[in-house]
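So you can see what is in the structure, the chains are spelled out below.
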Amino acid sequence: MLIMVPLAGEPKIHPFTGDFESFRVSFGSPVFLLFLLWLQAFPRLFTGFMAGLAVMFFRTWLDVSFGGAIFADALYSHIPNFFYYFFYAFFFALPKVETNSIYKLALIVAFWAVVAEVFASIAELAAMNLMAAGKHMEFTSGMLLRLIYIAILRCFFILSFFFLFQLYTTEVRLDRKTKESRRLTLLISGLYEEVFQLRATFKHAEEATHDCYQIYKSISGQSTSITRQEAAQEMLRVAGMVHDIKKETQRIYAALSELTVNKHVEDYLLPESILKLLIHTEERYALQLNKNIRFSYQVSPLLPPLHVFTLLSLLGNLAANAIEAIKERGIIIISFDEENDQLLLKVQNTGSFISPRRLQQVCRPGYTTKFDSEGRASSGVGLSYVQQQAQALGGSFQIESDGREWVCCRLRLPLSALRQQPRTENSPLPSLKEAALRDAARAALEEEQQENNAKGEFL
């Protein structure tokens, strides 16, 4: 702006003769109007102040360099130019435009642009009158009408280009929004269908888990003993259910993979990011169960990035277990701390309790105190899974309760098993995508081999 406005002011005409013959009309004000419309981040008075200084010193430099004028005299003669641009910005800053219609906006901007140019011209002429060394200059109504006419012509000339550009960008933006709305509509309709399929898959998974536990009790002698052939048939039936679940999960994954096709999935994140992700998911689960549960967390700032999926698996089980145990309302507090190169995790909740006589049994596989709306017991493997995983990582798991209103689960895990290990050229860590592809290929081969073996045994 500081370059273009002074340069645009040089091609000029002089609409008046006589006392005000030095008053000029140029392209400087239309270009300045464009910058006022575009430079929304800057205060308009500041923009007018800087533009006035730039024009004043540029014209002074031209007079001194090419006209042989004295610097002080040239600067004094161009002071009215400063008042023109400053008052132009001042009057243009007066309106508070609050409209979403581009047509109303065009009319408002055009009106105030004309007002700003007319009053800016009057301010420049007044400054010229004051600096005329006592000489009185007469300003007539005809001169005012001529100023208004010139202002209208110049204003609408520049606004036509500006609002044509605005209309073009608006059409492009609307077209982009229309395409995005169509894409989201198709995506949401697809997700709506997957919700029902996920509900059925979840029910099948619960049934398979329950049946597996019944087989476990039968084999371990905790219930009526069954023959080996009966156990084999039950295991084959459960395997078929799990196989169906896997196939449905693969299909659902394929349908949802577009959501993350261009997303980079991190294996390691800061503990605060992991907790925000966990709490966001568990809050939705609590709302789904119509429970009023408030979540909060505490994180030690010294902890390094940790393995996302391991912690989400462990904490997700504990948080979901707390949500299901809370009757109506409660508070769940999750904390991360460090002690002697050990990660201390604590999930504490109010709104539920465990009696002292049951504390020793809650981690036993299959033990549960939760039942669904049909009176069927939960699988009871969540806490036992957390305990087994904690021990497999070289840590420990404890659970305690006051027997009245709160439950606290504590995990102690070695940080070395959770933090990211440095890569070496000899043993590079595979990326998540590479590992997933490798595991999927291995699983497919094993599944094909097992199916061939099963067919052979059946024949």
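Up top you'll find the structure we're talking about.
First, a word on what this report is: a plain description of the structure on this page. These numbers come from a predicted model, not from an experiment.

Some words on the pairing of strand β8 (residues 396-401)
So, point 1. Going residue by residue along β8, you find Phe397, Ile399 and Ser401 tucked away on one face and Ser396, Gln398 and Glu400 left uncovered on the opposite face.
So, point 2. When β8 meets strand β9 (residues 406-414), the two strands line up antiparallel, connected through six bridges. Counted as the bridge partner of Ser396 is Arg412 from β9.
So, point 3. Turn length for the β8-β9 hairpin, with the two strands adjacent in sequence and antiparallel, is four residues, and the turn residue Gly403 shows positive phi of about 80°.

Notes on helix α10 (residues 308-325)
So, point 1. With 18 residues, α10 ought to run about 26 Å at 1.5 Å a step, and its terminal C-alpha atoms sit 25 Å apart, in line with that.
So, point 2. Every buried residue belonging to α10 is among Val308, Leu311, Leu314, Leu315, Gly316, Leu318, Ala319, Ala320, Ala322 and Ile323, and all of these are buried.

Section: a nonpolar patch on the surface
So, point 1. On the surface, a cluster of nonpolar side chains totalling about 400 Å² of accessible area is made up of Leu2, Ile3, Met4 and Leu7.
So, point 2. The topology assignment puts Leu2 in the segment before α1 (4-8).
So, point 3. Here Leu2 falls in the partly exposed class, since its relative accessible area comes to 44%.

What about the sheet that holds β8?
So, point 1. Here five strands make up an open sheet; going across it, the order is β4-β6-β7-β9-β8 and the pairing mixed. Among the strands making up the open sheet, the edge pair consists of β4 (292-299) and β8. Geometrically, the sheet is characterised by an average inter-axis angle of 10° between neighbouring strands, direction not taken into account.
So, point 2. Taken together, the nine bridges between strand β7 (residues 342-350) and β9 define a ladder with antiparallel strand orientation. Paired with Lys346 across the bridge in β9 is Arg410.
So, point 3. Here helix α9 (residues 271-288) sits on the sheet in contact with β4 and β6 (329-339), set at roughly 175° to β4.

Calculation rules
Residues numbered from 1 in each chain as written. Predicted model: local features only at pLDDT ≥ 70, side-chain atom pairs only at ≥ 80, totals over all residues. Heavy atoms only, no water. Buried < 20%, exposed > 50% of the residue type's maximum accessible area, 1.4 Å probe, protein only. Helix = DSSP H or I, 4+ residues; strand = E, 2+ residues; numbered from the N terminus. Pairing = 2+ DSSP bridges. Expected span 1.5 Å × (residues − 1). Patch = residues over 30% accessible without salt bridge, like charges linked within 9 Å, V, L, I, M, F, W, Y side chains within 5 Å. Areas by Shrake-Rupley, 256 points an atom, 1.4 Å probe, with all protein chains shown as cover. Salt bridge = Lys/Arg side-chain N within 4 Å of Asp/Glu carboxyl O. Axes fitted to C-alpha atoms, helices over the stretch in contact; angles between N-to-C directions. Contact = heavy atoms within 4.5 Å.

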